[in-house]
Amino acid sequence: MKLSPQDRATVEAVRGKGVHRSREVNRAHVLACLDEGIPEAQIQAVLGIGRTALWRARAAYVQGGLDLALWDVARSGRPRQYDTDVEAQVTALACSGPPEGRARWTLVELEQAARRETGRSDLSRETVRRMLKKTT
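This write-up is about the structure you can find in this document. (Residues numbered from 1 in each chain as written. Predicted model: local features only at pLDDT ≥ 70, side-chain atom pairs only at ≥ 80, totals over all residues. Heavy atoms only, no water.)

## Points about the nonpolar core
For step 1, the next point in the chain: Within the largest apolar cluster, 12 residues are counted, these being Y82, V86, V90, L93, W105, L110, A113, A114, L123, V128, M131 and L132.
For step 2, the next point in the chain: Elements with a minimum of two residues in this core: α6 (84-95), α7 (107-118) and α8 (125-135).
For step 3, the next point in the chain: In contact with V86, not counting residues within four places along its chain, are T118, R120 and M131.
For step 4, the next point in the chain: Among the nonpolar cores identified, the runner-up in size contains 11 residues, and L3, V11, V14 and A32 belong to it. (Core = buried A, V, L, I, M, F, W, Y, C linked by side-chain atoms within 4.5 Å. Buried < 20%, exposed > 50% of the residue type's maximum accessible area, 1.4 Å probe, protein only. Helix = DSSP H or I, 4+ residues; strand = E, 2+ residues; numbered from the N terminus. Contact = heavy atoms within 4.5 Å.)

Listed below in structure tokens is the structure:
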């Protein structure tokens, strides 16, 4: 596999300077080694990577070019379980006055009140805690 002169310059820039993720630097090392004709077994041994990582870097370069080979593709992530309206309701509830006979809310009381007010029976104590932690 041979890199174009422009791609070679980019790979050398990633290898030589700047702040990059270790996965990106390893991929740059792999591409540079493949460009120089170094055997795969030697690349794996020196870089401490597996055969699959090497093959994926090569295949990504051949199929999609340098951008696909070096940098991670953005991932969508897990969809939110509760929308912002539910979070706002829980936050508003926590900011309201505590129940009678209490000086402040407890997480268990907040969880029970949030279940009643939002109609979400699947709301857990840990979820309420995480929602409130994000808003502070």
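## Some details on the environment of N26
For step 1, the next point in the chain: Within the fold, N26 resides in helix α2 (residues 22-36).
For step 2, the next point in the chain: Along the backbone, N26 and E87 are 61 residues apart, and their C-alpha atoms lie at a distance of 41 Å.
For step 3, the next point in the chain: Contact partners of N26, with chain neighbours within four places excluded, come to L47 and I49.

## A closer look at the environment of R56
For step 1, the next point in the chain: Within the element layout of this structure, R56 appears in helix α4 (residues 51-64).
For step 2, the next point in the chain: Along the primary structure R56 and A103 are separated by 47 residues, whereas in three dimensions their C-alpha atoms are 59 Å apart.

## With respect to the side chain of E111
For step 1, the next point in the chain: As for its position among the elements, E111 is in helix α7.
For step 2, the next point in the chain: Judged by its relative accessible area of 13%, E111 falls in the buried class.
For step 3, the next point in the chain: If sequence neighbours within four positions are ignored, E111 has contacts with L123, S124, R125 and V128.

## Considerations on α4
An α-helix turns once every 3.6 residues. As a result, residues three or four positions apart point the same way.
For step 1, the next point in the chain: The terminal C-alpha atoms of α4, which comprises 14 residues, lie 20 Å apart, in line with the 20 Å expected from a rise of 1.5 Å per residue.
For step 2, the next point in the chain: Of the residues flanking the end of α4, it is G65, one or two places downstream, whose phi is positive at about 90°. (Expected span 1.5 Å × (residues − 1).)

## Topic: helix α1 (residues 5-16)
For step 1, the next point in the chain: Here α1 spans 16 Å end to end across 12 residues, near enough to the 16 Å set by a 1.5 Å rise per residue.
For step 2, the next point in the chain: All of the buried residues along α1 are D7, V11 and V14. In an axial view of α1, the angular spread of the buried residues amounts to 60°, which keeps them on one side of the axis. Structural note: α1 exposes P5, Q6 and G16 on the side pointing more than 90 degrees away from its buried face. (Arc of directions from axis to C-beta.)

## Quick look at the pattern of salt bridges
Oppositely charged side chains may form a pair once their charged atoms are brought near each other.
For step 1, the next point in the chain: Counted according to the given criterion, the structure contains 12 salt bridges.
For step 2, the next point in the chain: Residue D72 pairs with R23 through a salt bridge whose shortest N-O separation is 3.5 Å. Here the residue D72 occupies a position in the loop between α5 (66-70) and α6, and R23 occupies one in helix α2, the gap between them amounting to 49 residues.
For step 3, the next point in the chain: We classify D72 as partly exposed; its relative accessible area is 30%.
For step 4, the next point in the chain: In this structure, R130 engages E126 in a salt bridge whose closest nitrogen and oxygen atoms are separated by 3.7 Å. (Salt bridge = Lys/Arg side-chain N within 4 Å of Asp/Glu carboxyl O.)

It is worth stressing that arrangement in space is one thing and function is another; only the former is reported here.
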